[in-house]
Amino acid sequence: MKGFTKEENSWMFYDWATSAYSIIISTAVFPLFYKASATNAGVSSADSTAYLGYTISFATFLLAALSPILGTIADYQGFKKRFFSFFFGLGVLFTALLAVVPSENWLLLLIIYTVAVIGSSGANIFYDAFLVDVTTKDRMDRVSARGFGLGYIGSTIPFIISIAIIILAQNKTLPLSVTAASQIAFLITAIWWGAFAIPMFKNVRQRYFIEREPNPIVNSFKRIGKTLKEIRKYRALFLFLLAYFLYIDGVDTIITMSTAYGTDLGIDSTNLLIILFVTQVVAAPFAILYGRMAKKFTGKRMLYVGIVVYIFVCIYAYFLKTTTDFWILAMLVASSQGGIQALSRAYFAKLVPKQNANEFFGFYTIFGRFAAILGPLLVGATAQLTGSSSSGVFSLIILFILGLIILSRVPNPDPEPDEVLIS
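This one's a predicted model, so the numbers in the text were calculated from it and none came from an experiment.

### Notes on the overall build of the protein
So, point 1. Helix and strand content of the protein: 19 helices and zero strands.
So, point 2. Put simply, the protein shows about 16700 Å² of open surface, and 67% of that area lies on carbon and sulfur atoms.

### Concerning the environment of Gln280
So, point 1. Counting through the fold element by element, Gln280 comes out in helix H13 (residues 269-297).
So, point 2. Linking Gln280 and Gly154, residues 126 residues apart in sequence, is a C-alpha distance of 9.3 Å.

### Regarding a nonpolar patch on the surface
So, point 1. Taken together, the side chains of Ile315, Tyr318, Phe319 and Phe394 present a nonpolar region at the surface, about 380 Å² in accessible area.
So, point 2. With relative accessibility at 39%, the residue Tyr318 sits in the partly exposed group.

### Description of the packing of aromatic side chains
So, point 1. As enumerated under the stated definition, the model contains 31 aromatic pairs in all.
So, point 2. Between Phe84 and Phe201, the ring centres sit 5.3 Å apart and the planes meet at 50°, which makes this aromatic pair tilted. Here the residue Phe84 occupies a position in helix H4 (residues 79-97), and Phe201 occupies one in helix H9 (residues 198-203), the gap between them amounting to 117 residues.
So, point 3. Joined through ring pairs, the aromatic side chains of Trp11, Tyr14, Tyr21, Phe84, Phe88, Tyr127, Trp193 and Phe201 make up one cluster.
So, point 4. Between the NZ or CZ atom of Arg82 and the centre of the ring of Phe79, over which it lies, the distance is 5.3 Å.

### Some points on the pattern of salt bridges
Side-chain pairs of opposite charge can arise where the charged atoms are in close proximity.
So, point 1. Counted according to the given criterion, the structure contains six salt bridges.
So, point 2. One salt bridge in this structure joins Arg207 and Glu7, with 3.9 Å as the shortest N-O distance. With Arg207 in the loop between H9 and helix H10 (216-229) and Glu7 in helix H1 (residues 6-27), the pair connects residues that are 200 residues apart, well separated along the chain.
So, point 3. Look at Arg207 and you get partly exposed, because its relative accessible area is 38%.
So, point 4. One salt bridge connects Asp133 with Lys80, and the closest N-O pair in it is separated by 2.4 Å. Taken together, the positions of Asp133 in helix H6 (residues 131-134) and Lys80 in helix H4 put the pair 53 residues apart, joining distant regions of the chain. In this pair, the class of Asp133 matches that of Lys80, namely buried.
So, point 5. Bridged by salt links that share partners, the residues Asp15, Asp128 and Arg345 form one connected network.

### With respect to the environment of Gly122
So, point 1. Structurally, Gly122 is set in helix H5 (residues 106-129).
So, point 2. Overall, Gly122 belongs to the buried group, its relative accessible area being 0%.
So, point 3. Between the C-alpha atom of Gly122 and that of Leu66, which follows or precedes it by 56 residues, the distance is 9.2 Å.
So, point 4. Setting aside residues up to four positions removed in sequence, Gly122 forms contacts with Leu63, Phe87 and Val117.

### What to know about the layout of surface pockets
So, point 1. Looking at the largest pocket, its volume works out to about 410 Å³.
So, point 2. Contributing elements (two or more residues each) for the lining of the largest pocket: helix H2 (29-40), helix H7 (140-170), helix H8 (178-195) and H13.
So, point 3. For the lining of the largest pocket, the leading source of residues is H2, giving eight residues.
So, point 4. The class makeup of the residues in the lining of the largest pocket is nine nonpolar, ten polar and two charged.

### A few points about the nonpolar core
So, point 1. Formed by 125 residues in total, the largest nonpolar core has its most connected members in Trp11, Tyr14, Tyr247 and Phe400.
So, point 2. With residues near it in sequence (within four places) discarded, Phe400 still touches Tyr247, Gly250, Val251, Ile254, Ile307, Tyr310, Ile311 and Cys314.
So, point 3. Within the second largest apolar cluster, eight residues are counted, among which are Ala283, Ala284, Ala287 and Ala342.

### Notes on the packing of H1 against H2
So, point 1. It is at 3 Å that the axes of H1 and H2 come closest, and there the two elements cross at 15°. Comparing the axis directions of H1 and H2 gives the class roughly parallel. Residues Ile23, Ile24, Ile25, Ser26 and Thr27 of H1 form the contact with H2, whose participating residues are Val29, Phe30 and Pro31.

### Section: the confidence of the model for the protein
Atom-level detail of predicted coordinates should not be read off regions where pLDDT is low.
So, point 1. Averaged over all residues, the pLDDT of the protein is 82; the fraction at 70 or higher stands at 87%.
So, point 2. Scored below 50 in pLDDT, residues 418-423 shows one contact in the model against residues more than four places distant or in partner chains.

### Examining H1
So, point 1. In this model, H1 (22 residues) spans 31 Å end to end at C-alpha, consistent with the 32 Å of a helix rising 1.5 Å per residue.
So, point 2. For H1, the principal kink sits at Thr18 and spans about 35°.
So, point 3. Most of H1 sits out of view: 18 of its 22 residues are buried.

### Re empty space enclosed by the protein
Over the atoms a probe the size of a water molecule is rolled, and this reveals where empty space is left.
So, point 1. Taken as a whole and judged by the stated rule, the model has two cavities of 30 Å³ or more.
So, point 2. Volume-wise, the second largest cavity comes out at about 30 Å³.
So, point 3. What lines the second largest cavity is Arg142, Ala145, Arg146, Ile288, Gly291 and Arg292.
So, point 4. Those elements that provide at least two residues to the lining of the second largest cavity are H7 and H13.
So, point 5. In the lining of the second largest cavity, the residues fall into two nonpolar, one polar and three charged.

Basis of the calculations
- Residues numbered from 1 in each chain as written.
- Predicted model: local features only at pLDDT ≥ 70, side-chain atom pairs only at ≥ 80, totals over all residues.
- Heavy atoms only, no water.
- Helix = DSSP H or I, 4+ residues; strand = E, 2+ residues; numbered from the N terminus.
- Areas by Shrake-Rupley, 256 points an atom, 1.4 Å probe, with all protein chains shown as cover.
- Patch = residues over 30% accessible without salt bridge, like charges linked within 9 Å, V, L, I, M, F, W, Y side chains within 5 Å.
- Salt bridge = Lys/Arg side-chain N within 4 Å of Asp/Glu carboxyl O.
- Buried < 20%, exposed > 50% of the residue type's maximum accessible area, 1.4 Å probe, protein only.
- Phe/Tyr/Trp six-rings, centres within 6.5 Å; stacked < 30°, edge-to-face > 60°.
- Lys NZ or Arg CZ within 6 Å of the ring centre and 35° of its normal.
- Contact = heavy atoms within 4.5 Å.
- 1 Å grid on protein atoms, 1.4 Å probe; cavity = no way out; pocket = protein on both sides within 12 Å on 5 of 7 lines; lining within 4 Å.
- Points joined across faces, edges and corners; volume = space filled by probe spheres on them.
- Nonpolar A, V, L, I, M, F, W, Y, C, P; charged D, E, K, R; others polar.
- Core = buried A, V, L, I, M, F, W, Y, C linked by side-chain atoms within 4.5 Å.
- Axes fitted to C-alpha atoms, helices over the stretch in contact; angles between N-to-C directions.
- Parallel < 35°, antiparallel > 145°, perpendicular 65-115°, else oblique.
- pLDDT = per-residue confidence, 0-100.
- Expected span 1.5 Å × (residues − 1).
- Bend = angle between axes of the 7 residues up to and from the residue.

Right under this line is the structure:
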């Protein structure tokens, strides 16, 4: 792409690769496949939604427990790419394994899914941290947002292929069961993810690092301890992380549990897949728009916009009744989900010391992952207590409001727009 370096393009292209996993496994096909498997096994809709939430919470807890120390070790020269490669391989392998798990074994599906989540999320720790290596501070908003935009565009291709196979199987046009068609979608995801990650491996390297020293694991623990002792020096970083912990919890929960929520509302799988496809298409230009608007109004102000949109989403979800309502809700989410994630990543990257980027992105991940434990637990528990998924989604509103309040207290790493014009 014109206007970007080879390293920036290669880094952004990984979003193109991994977003197939995000839409097909995290959001669309796998949740529907799992819900059908659990229903056929006699599990109630509220319980199966809760079990999915608990599974996501468990997977993210494991990753959150590991991410700070892994990130700190990865700050040493040459380790960042190694850790990225390990988790990438784990994610691709276990995504492919979803294609061979018997559809009636809903529990094994959740176990394999847990490992795939750890692989995908683990690779993203180091992928996000590479942002400081591939671009400059003043270009981070644009590069990060363009990465998310590419991801949404790229994910539509394997998603269209997967939807087509599933719908043709449903209509008996293809001599396949819907189960087999869904399993083919899992295999397509793994192949797409693996193939298009190649530029990332070829062209992106760790520019900022700490020189290797004896006993790197012991010294990494010492560095974490030193960072925590000197936390006052990083007040802006950790204040932002607290805000991020709250609002990204709601964002991730809405994304990962949207199909389960739609199923509980009685929306059929074909309509859900079409809605999710359109959501990806709409989200792409909005993610890029957020990056451009951040240059004009600052990233912090655009984060405010995204959080306010999600507050309205929570309110609207409570009154959801029809497929049309779900369409409106999906388009609202599409308008902000990529932008809020991209600008959060860039905002944090501007605050971190570059040579310690992995250590701090480890904290970024632990806050984000522990947040992802709370949200699904909240939705799952509320759904079981009230018998209503809508109440669970509505309960997330408090997280967005608190996140907005704390974010307002975080120093802005960007100059004000008028300062840019003056300089």
